[in-house]
Amino acid sequence: MLAKVRSSSVLGLEAYPVEVQVDVATGLPSFTIVGLPDAAVQEAKERVRAAIKNANYEVPTRRITVNLAPADVRKEGPAFDLPIAVGVLAATGQIPPERCTGTAFLGELGLDGSVRPVSGVLCAALAALQMGVQRLVVPAENAEEAALVPDLEVYGVCDLLQTARFLSGELRLEPVRHNGKDPDDPADEVDFADVRGQEHARRALEIAAAGGHNVLLVGPPGSGKTMLARRLPTILPPLEWSEAIEVTRIYSIAGALPARGSLIRRPPFRAPHHTASAAALLGGGSVPRPGEVSLAHRGVLFLDELPEFHRDVLEALRQPLEEGRVVLARAAATVTFPAAFMLVAAMNPCPCGHLGDRLRECSCTPTQVRRYQAKASGPLLDRIDLHVEVARVPSPALLEERTLEPSSVIRERVLRARRLQQERFTDRPYRTNASIPARIVRKVCGLDEPGKALLRAAMDRLGLSARSCDRILRVARTIADLDGSERVTTAHVAEAIQYRSLDRRP
Amino acid sequence: MTEQDAWILLNAIPGVCPRTKHRLTAALGGPQHVLAAPRDHLRELATEAVARRIVDFRQQYDPQTLRDQAASVGARILALSDPDYPAALRTIPDPPLALYVRGRIPPDVAVAVVGTRSPSQDGVEVAYTMALDLGASGVCVLSGLARGIDAAAHRGALEADGVTVAVLGCGIDRVWPPEHAPLARFIQEQGGLLSEYPPGTPALRHHFPARNRILAGLAQAVVVVEARSRSGALITAEFALEFGREVFAVPGSVLNPRTQGTHQLLRDGAHLATGAADVLDRLRIRPRIRDVASLGPEEQALVDLLEEPLDLDDLVRACGRSSSAVAAMLTALEVQGVVRRLPGGRYVRGPSG
């Protein structure tokens, strides 16, 4: 007898439907899975056999053939365990087959029949809706994630027995609803109110957040670069619903959602170590999985110790920085993951870290310093709008009792500036000042005569290049937006010039 | 062959030091006679090797070739007997027999500012300001185009629109260290480059002490800013003492290893210099004050705070204005040349280089 059960698998960011066909026929007892299964799918037969037995159902001593259609796409992962088991039960008449139609299944089985969580459930749920499936049965741990998709009945199950009884009609399950917990108010563990001193850096990060600018923090060890970077997501606008779904999908596929994870509403913060490989950063695998740049999508990618990263890894960051996405071409498939993040890089000013430090003399030779700084320059530095020197905070300033601005207050200003940009860029493909194309930057960020004169004088005296001029204009535009000003004034340009310290003549 | 041509030819002979060349000239009664002397005679006066090098060279080259070679790299040659040859340099025991020059030769009033190649930020600061004030007062600043103090001194003089001359330890068509090529171009435009070596000569280790003797010879005074205990700058100071020039040393923290050399000089009786005024005073030159831009009260208040190098956060704390306002004012002050930013983000008074 033949049974068909619906399921799905993930390729890139999209799930595609997979039909699990189970045929139980007479012949020598066997269990075969076809349809390009990988090792994890092959092993499903052992799990399925044990799980069915331990759920007190029967594995027929007949010839069982499972086909995963379409048969020309490689299938991976343990999420087919549950649909295969359900298919076997249906094909042997242990549950009524007609109860399975219109329902899709996803889940890994333990030998005891328990249903274990899998990755990519949100994508599967979105795909299920498109497939015209009304009901989705997923592991209980993933149910809330799947329930993010409206108009879909989601059932969370804990084990195979429960699933079978539910399908036979012996057990009623309530569809899982999204818990409705207000996701707009996640408690942040970190806050800008914790940062003492660092007025300059705080201001720079506020500008960066407002205009979506990439930032480079330069300062001696222990000056607080990491602390500052960690707080940047707290002043970014919270994700909109569609963005949140997008980000949650990526985390879902990567299996990186927190346990019982629901929607990610906060811009993510990712800080890969400098020993990370290009594959870890960009994503990889024979069936590609998202890497750090995609996990930082709509959030912040923090690269500490920038010059320590491998040259080719930094080189590979160019595409995501320019296009906001990564394209991974593999033999099996070519996959595109979104990767529109804000880059925050940090580095010491020199190999020993103490160049310009007020506490210690730098012991590096000029050649060492040049070589070190050159490592960070090139393609990446070209994409960074703000250079911020982070100095060690002197101890009296650390002990000051002044209450400092919390992130929520800064975020309000950032939101106001972002709204101005949205109005300016309606019907344009870009949304922030940082991504104004070079051709029109002079038009969008037009200066008055005194402003132009100041910029010219600064170019002459400080040795700024034409390229850095464009960056200054973009940053000046953001400063004006924070100010609520229609025009970019001399004061805005003057401030913006202070954030280009690395471009200056040595 | 004229005497000038003979000096030029004699100067270009490699592998024989100026002192030997001078000795031979004195013994034979003039540079022409050295070039005309039979090999055996030269061998008696010097060594076999010296005689061979002189004979080989005079057979291969003539003065016109050397002049053409210099002209092809945009330089001219001044022989010892040339009326333009720097008078001060003639007074030292073994002056260069000829000098390759691009741009100007230093005027009579010239001060050498020298020091370590790896200075502290304070050292760079002192050298820069010293040269700035010397330049503004019409004194030519001499140095060696090396990294660190030398470069800071040249930059200071350039900023003051003063004259600055670099004495090189390699051929005049070369720049060592290479990253100073743009600086060398500025120096040539506003002052000059000098070398005793023919074009194409690489920068060899033993050239630098010889170069230092020219620096000391050209200068009325030598100022040493930061030198470790065995620094080339100390060699320059030693030459200066030998030639009867004034020697100044800038004091510093006793914890800074880069002051060992300067403190030793002070111990040995060098004049103490904390700024250009000390040097100008001793040379009886009246200092000229730099133009001060007129500033608004808030900007003036900011400049007044910069008694010592401060970063933006220090200034924000001290003046109570927002970070953005202070940053904007600093840019305006920088552009006017009133303040300057140091690496690491601290600001000091004085124009940027």
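Note that residues are indexed from 1 along each chain, following the sequence as it is written. By the order in which they are written, chains take letters starting at A while ligands take numbers starting at 1. Residue-level local features of this predicted model are given only where pLDDT is at least 70; pairs of side-chain atoms are given and counted only at 80 or more, and the full residue set underlies all totals for whole chains, interfaces and linings. Computation of side-chain values covers all heavy atoms of the structure but excludes hydrogens and water.

**Remarks on the overall build of chain A**
What counts as a helix is a DSSP run of H or I of at least four residues, what counts as a strand is a run of E of at least two, and both are numbered from the N terminus. Tallying secondary structure elements over chain A gives 20 helices and 18 strands in all. On the principal axes, the C-alpha backbone points of chain A span a range of 90 × 50 × 45 Å. Expressed as a percentage of its 506 residues, the buried residues of chain A come to 55%. Considering chain A, the positive charge centre built from 64 side chains and the negative charge centre built from 61 side chains are found 4 Å apart. Categorising residues by exposure relies on relative accessible area from a 1.4 Å probe, with only protein chains included: less than 20% of the type maximum marks a residue as buried, more than 50% marks it as exposed, and the intermediate range marks it as partly exposed. We count Lys and Arg on the positive side and Asp and Glu on the negative side, and we leave His and both chain ends out. Charged groups are reduced to one reference atom each: NZ for lysine, CZ for arginine, CG for aspartic acid, CD for glutamic acid.

**Regarding the overall build of chain B**
A count of helices and strands for chain B gives 17 helices and 12 strands. Along the three orthogonal principal directions, the C-alpha set of chain B runs to about 85 × 45 × 35 Å. Counting all 353 residues of chain B, 57% fall into the buried class. Sequence separation of at least 24 residues holds for 68% of the intrachain contacts in chain B that already meet a minimum separation of 6. The protein chains shown are the only cover counted for residues, whose accessible areas, like all others here, come from Shrake-Rupley with a 1.4 Å probe. Carbon and sulfur atoms make up 50% of the accessible area of chain B, which totals about 15,000 Å². By definition, residues are in contact when any of their heavy atoms lie within 4.5 Å.

**Quick word on the interface of chain B and chain A**
Note on interface size: it is often stated as the accessible area lost on association of the parts. Contacts between the two partners involve 33 residues from chain B, matched on the other side by 33 residues from chain A. As a working definition, buried area equals the accessible area (1.4 Å probe) given up by two parts on being put together, with both sides summed. By the criterion of area lost to chain A, the three top residues of chain B are Arg-317, Val-335 and Arg-341 of chain B, representing 21% of everything that side buries. What counts as a salt bridge is simple: a side-chain nitrogen of Lys or Arg found within 4 Å of a carboxyl oxygen of Asp or Glu. Applying the counting criterion to the chain B and chain A interface returns 3 salt bridges. Linking Glu-159 of chain B and Arg-461 of chain A is a salt bridge whose minimum nitrogen-to-oxygen distance equals 3.4 Å. Whenever a nitrogen or oxygen atom comes within 3.5 Å of another N or O atom, the pair is scored as a polar contact, on the condition that within protein one atom can donate a hydrogen and the other can accept it, and that pairs from neighbouring residues in sequence are kept only if both atoms are in side chains. Linking chain B to chain A there are 12 residue pairs in polar contact (both at pLDDT 80 or more).

**Let's talk about the sheet that holds strand S10 (residues 215-218) of chain A**
All names here are of chain A. One requirement defines pairing of two strands: DSSP has to find at least two bridges between them. Read across the open sheet, the 5 strands follow the order S11-S14-S17-S10-S18; overall the sheet is parallel. Lying at the two open borders of the sheet, with one neighbouring strand each, are strand S11 (269-270) and strand S18 (386-389). Strand direction decides the pairing type here: S10 and strand S17 (residues 342-347), joined by 4 bridges, are parallel. In the strand pairing of S17, Leu-216 is matched with Ala-345.

**A closer look at the environment of Leu-194 of chain B**
Residue and element names in this part refer to chain B. Along the chain, the position of Leu-194 falls in strand S6 (residues 192-195). On a C-alpha basis, the gap between Leu-194 and Leu-99 in space is 6.6 Å, while along the polypeptide they are 95 residues apart. Residue contacts for Leu-194: discarding those within four places in its chain leaves Leu-99, Tyr-100, Val-101, Ile-105, Pro-106, Val-165, Ala-166, Val-167, Leu-168, Ile-172 and Leu-218.

**Let's talk about unusual backbone geometry**
Negative phi is the rule for most residues except glycine; trans is the rule for most peptide bonds. Residue Pro-70 of chain A follows Ala-69 of chain A across a cis peptide bond; omega there is 0°. Mapped onto the elements, Pro-70 of chain A comes out in the loop between strand S4 (63-69) and helix H3 (81-91). Here the phi dihedral of Gln-198 of chain A falls at roughly 60°; this positive angle occurs in a residue that is not glycine. Here Gln-198 of chain A falls in the buried class, since its relative accessible area comes to 2%. The backbone of Leu-145 of chain B sits at a positive phi, close to 65°, despite the residue not being glycine. One can find Leu-145 of chain B in the loop between strand S4 (140-143) and helix H9 (149-159).

**With respect to the packing of helix H8 (residues 121-136) of chain B against H9 of chain B**
Residue and element names in this part refer to chain B. A fitted line through C-alpha atoms serves as each axis, taken over the contacting stretch for helices, and the angle formed by two N-to-C directions is quoted from 0 to 180°. Two numbers describe how H8 lies on H9: the axes approach to 7 Å, and their chain directions differ by 35°. Crossing angle aside, the handedness with which H8 passes H9 is right-handed. In this structure, H8 contributes Gly-123, Val-124, Ala-127, Tyr-128, Ala-131 and Leu-132 to the contact, and H9 contributes Ile-149, Ala-152, Ala-153, Arg-155, Gly-156, Ala-157 and Glu-159. Counted by class, the contact of H8 with H9 contains 9 nonpolar, 2 polar and 2 charged residues. Crossing handedness is defined as follows: a turn of the near helix away from the far one that is anticlockwise and smaller than a right angle gives a left-handed crossing, while the clockwise case is right-handed. The classification used treats Ala, Val, Leu, Ile, Met, Phe, Trp, Tyr, Cys and Pro as nonpolar, Asp, Glu, Lys and Arg as charged, and all other residues, Gly among them, as polar.

**Focus: the environment of Val-111 of chain B**
All names here are of chain B. Examined against the element boundaries, Val-111 turns out to sit in strand S3 (residues 110-115). As for Val-111 and Cys-140, which are separated by 29 residues in sequence, their C-alpha atoms are 6.2 Å apart. For Val-111, the contacting residues outside a window of four places in its chain are Leu-134, Val-139, Cys-140, Val-141, Leu-142, Ala-219, Ala-221, Val-223, Val-279 and Leu-283.

**Observations concerning the side chain of Gln-198 of chain A**
Mapped onto the elements, Gln-198 of chain A comes out in the loop between helix H6 (160-168) and helix H7 (199-211). Leaving out residues up to four positions away in the same chain, Gln-198 of chain A has contacts with Ser-223, Leu-228, Val-390, Ala-391 and Val-393 of chain A together with Asp-313 of chain B.

**A look at the pattern of salt bridges**
Per the counting criterion, the structure on display carries 37 salt bridges over all chains. With a closest N to O distance of 2.4 Å, Asp-385 of chain A and Arg-471 of chain A form a salt bridge. Taken together, the residues span a long stretch of sequence, with Asp-385 of chain A in the loop between helix H14 (366-376) and S18 and Arg-471 of chain A in helix H19 (residues 466-482) at a distance of 86 residues. Among the residues examined, Arg-471 of chain A registers a relative accessible area of 11% and is labelled buried. Residue Arg-19 of chain B pairs with Asp-94 of chain B through a salt bridge whose shortest N-O separation is 3.6 Å. Here Arg-19 of chain B, found in helix H2 (residues 18-28), pairs with Asp-94 of chain B, found in the loop between helix H7 (87-90) and strand S2 (98-103); they are 75 residues apart in sequence, far enough to count as distant. The class of Asp-94 of chain B is buried, set by a relative accessible area of 11%.

**A word on the nonpolar core**
Core analysis: the largest hydrophobic core is formed by 73 residues, its most contacted members being Leu-42, Leu-142 and Val-224 of chain B. If near-sequence neighbours (up to four positions away) are discounted, Leu-142 of chain B is found in contact with Pro-106, Ala-110, Val-111, Ala-112, Val-113, Val-165, Leu-215, Leu-218 and Ala-219 of chain B. By size, the runner-up hydrophobic cluster in this structure holds 64 residues, among which are Leu-106, Met-131, Leu-239 and Met-347 of chain A. Buried Ala, Val, Leu, Ile, Met, Phe, Trp, Tyr and Cys residues form a nonpolar core when they are joined through side-chain atoms within 4.5 Å.

**Focus on the packing of aromatic side chains**
Side-chain rings of Phe, Tyr and Trp, where Trp is taken by its six-membered ring, are said to pair if the distance between their centres is within 6.5 Å; with planes under 30 degrees apart they count as stacked, over 60 as edge-to-face, and otherwise as tilted. In this structure the tally under the stated criterion is 5 aromatic pairs over all chains. Its guanidinium or amino end placed over the ring of Phe-425 of chain A, Arg-424 of chain A lies 5.5 Å from that ring's centre, counting from NZ or CZ. We count a charge as sitting over a ring when the NZ of a lysine or the CZ of an arginine lies within 6 Å of the ring centre and within 35 degrees of the ring normal.

**Focus: the sheet that holds S6 of chain B**
Residues and elements named next belong to chain B. Spatially, 9 strands are ordered S1-S2-S6-S5-S4-S3-S7-S8-S9 in an open sheet, and the strand pairing comes out mixed. Among the strands making up the open sheet, the edge pair consists of strand S1 (76-79) and strand S9 (271-272). Sheet topology places S1 next to S2; 4 bridges connect them, and they run antiparallel. Considered in S2, the bridge of Ile-77 is made with Tyr-100. Helix H13 (residues 260-267) rests against strand S7 (221-225), strand S8 (246-250) and S9 of the sheet, and its axis sits at about 130° to S8.

**Here we look at the pairing of strand S1 (residues 2-11) of chain A**
For a regular strand, side-chain orientation follows a simple rule: the groups alternate between the two sheet faces. Inspection of the sheet shows S1 of chain A paired to strand S2 (residues 14-25) of chain A by 10 bridges, in the antiparallel sense. Counted as the bridge partner of Ser-8 of chain A is Pro-17 of chain A from S2 of chain A.

**Section: the pairing of S8 of chain B**
Residues and elements named next belong to chain B. Burial of S8 is extensive: 4 of the 5 residues sit out of reach of the surface. The pairing of S7 with S8 spans 5 bridges and is classified as parallel. Note on S8: the bridge partner recorded for Val-224 is Ala-249. In terms of handedness, the path from S7 via helix H12 (residues 232-242) over to S8 forms a crossover that is right-handed. In this structure, S8 lies alongside S9, joined through 2 bridges in parallel fashion. Bridging across to S9, Ala-249 finds its partner in Leu-272. Orient the strands so they point away from the viewer; a crossover is then right-handed if the path from the first strand over the helix to the second runs clockwise. Each parallel crossover has a hand, and for S8 linked through H13 to S9 it is right-handed.

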